[in-house]
Amino acid sequence: MASHPLQRLFDSSADLDNAVELTLAEGITLAEALREVDALLKQQPSVQSVLLIVGQQRAGVTSRTRIQWLRATDLRGTGDADNASPPRGSSGYVMLFFRCAVDGVRTYRVHLDGGAAPQCPNGHGPMELDR
Ligand SMILES: [Zn+2]
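Now for a quick tour of the structure. This is a predicted model, so every value here is computed, not measured. (Residues numbered from 1 in each chain as written. Predicted model: local features only at pLDDT ≥ 70, side-chain atom pairs only at ≥ 80, totals over all residues.)

## Structural notes on the overall build of the protein
What counts, and what does not: Here a helix means four or more residues in a row that DSSP labels H or I, a strand means two or more in a row labelled E, and each is numbered from the N terminus. Residues are called buried when their C-beta atom has 20 or more other C-beta atoms within 10 Å, exposed when it has 12 or fewer, and partly exposed otherwise; all C-beta atoms are positioned from the backbone. The contact criterion used here is simple: two residues whose C-beta atoms, placed from the backbone, lie within 7 Å are in contact.
In terms of helices and strands, the protein carries two helices and six strands. Shown N-terminal to C-terminal, the secondary structure of the protein runs as helices and strands in the order β-α-β-β-α-β-β-β. Evaluated residue by residue, the protein yields a buried proportion of 26% over its 131 residues. Sequence-distant contacts, at least 24 apart, represent 62% of the contacts inside the protein between residues at least 6 apart.

## Some points on the nonpolar core
For the record, the criterion: Here a nonpolar core is just a set of buried residues of the types Ala, Val, Leu, Ile, Met, Phe, Trp, Tyr and Cys, joined wherever their C-beta atoms sit within 7 Å.
Ranked by internal contacts, the top residues of the largest apolar core, which has 16 residues, are L9, L22, A33, V37, L40, V50 and L52. When residues of this core are traced back to their parent elements, those giving at least two are α1 (30-43), β2 (49-54) and β3 (57-63). Per element, the largest residue contribution to this core is five residues, and it comes from α1.

## Considerations on the environment of H4
With respect to the secondary-structure elements, H4 resides in the segment before β1 (20-24). For the pair H4 and A59, spaced 55 residues apart in sequence, the C-alpha to C-alpha distance is 7.7 Å. Once you skip the residues sitting within four places of it in the chain, H4 turns out to touch A59 and G60.

## Comments concerning the pairing of β3
Quick reminder of the rule: Being paired, for any two strands, means DSSP has found at least two bridges between them.
With six bridges joining them, β2 and β3 adopt antiparallel strand pairing. By the bridge assignment for β3, I53 is matched with R58. Taking the residues that link successive antiparallel strands as the turn, the β2-β3 hairpin has two residues, and the phi of G55 there is positive, at about 60°.

## Here's the deal with the environment of F97
Along the chain, the position of F97 falls in strand β4 (residues 95-99). A count of 17 C-beta atoms within 10 Å places F97 in the partly exposed class. In the structure, F97 is positioned 75 residues away from L22 in sequence and 9.4 Å away in space, judged by C-alpha atoms.

## Looking at α1
What counts here: Multiplying one less than the number of residues by 1.5 Å gives the expected span of a helix.
Taking 1.5 Å of rise per residue, the 14 residues of α1 would be expected to cover 20 Å, and the 20 Å separating its terminal C-alpha atoms lies within 8% of that figure. Of all the positions in α1, only A33, L34, R35, E36, V37, D38, L40 and L41 are classed as buried.

## Structural notes on the environment of R58
The residue R58 is located in strand β3 in this model. R58 gets classed as exposed once you count the C-beta atoms within 10 Å, which come to 12. In this structure R58 touches L51 and I53, once residues within four positions along its chain are discounted.

Here's what the structure looks like:
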């Protein structure tokens with residue numbers, strides 16, 4: 001079985017129970033996915049682990065620790081230190097927060113397609129935009 005394209009993001013020790021979901025575009029590259037998860041983590045300081053959804057499927061779970069390690073090793077020089085980064089406006093990404101009205105499942109989505117709300121992974125239909 002071929003490894004998942006985003007395999008390097010995954011952290012087998014991440015806290016799946018408390019992970020928030022992040023829906024990524026199908027076919028996203030590792031670098032793009034890393035940037036999006038990083039943007040989410042910067043915008044949501046309380047989030048420690050992220051369940052990545054790609055093409056309606058659960059791809060894997062990553063963690064703040066893992067992302068920080070990847071940024072430190074792979075993207076050296078492109079990032080800024082956590083404490084020094086501006087709180088908003090620099091990444092160019094708009095993160096939208098969706099919530100299922102039935103079971104309260106939350107997901108974040110990078111505003112890419114200007115439209116469709118994500119579907120609840122538990123089959124409750126479109127999720128509601130929450131602010
Ligand atoms: Zn639901």
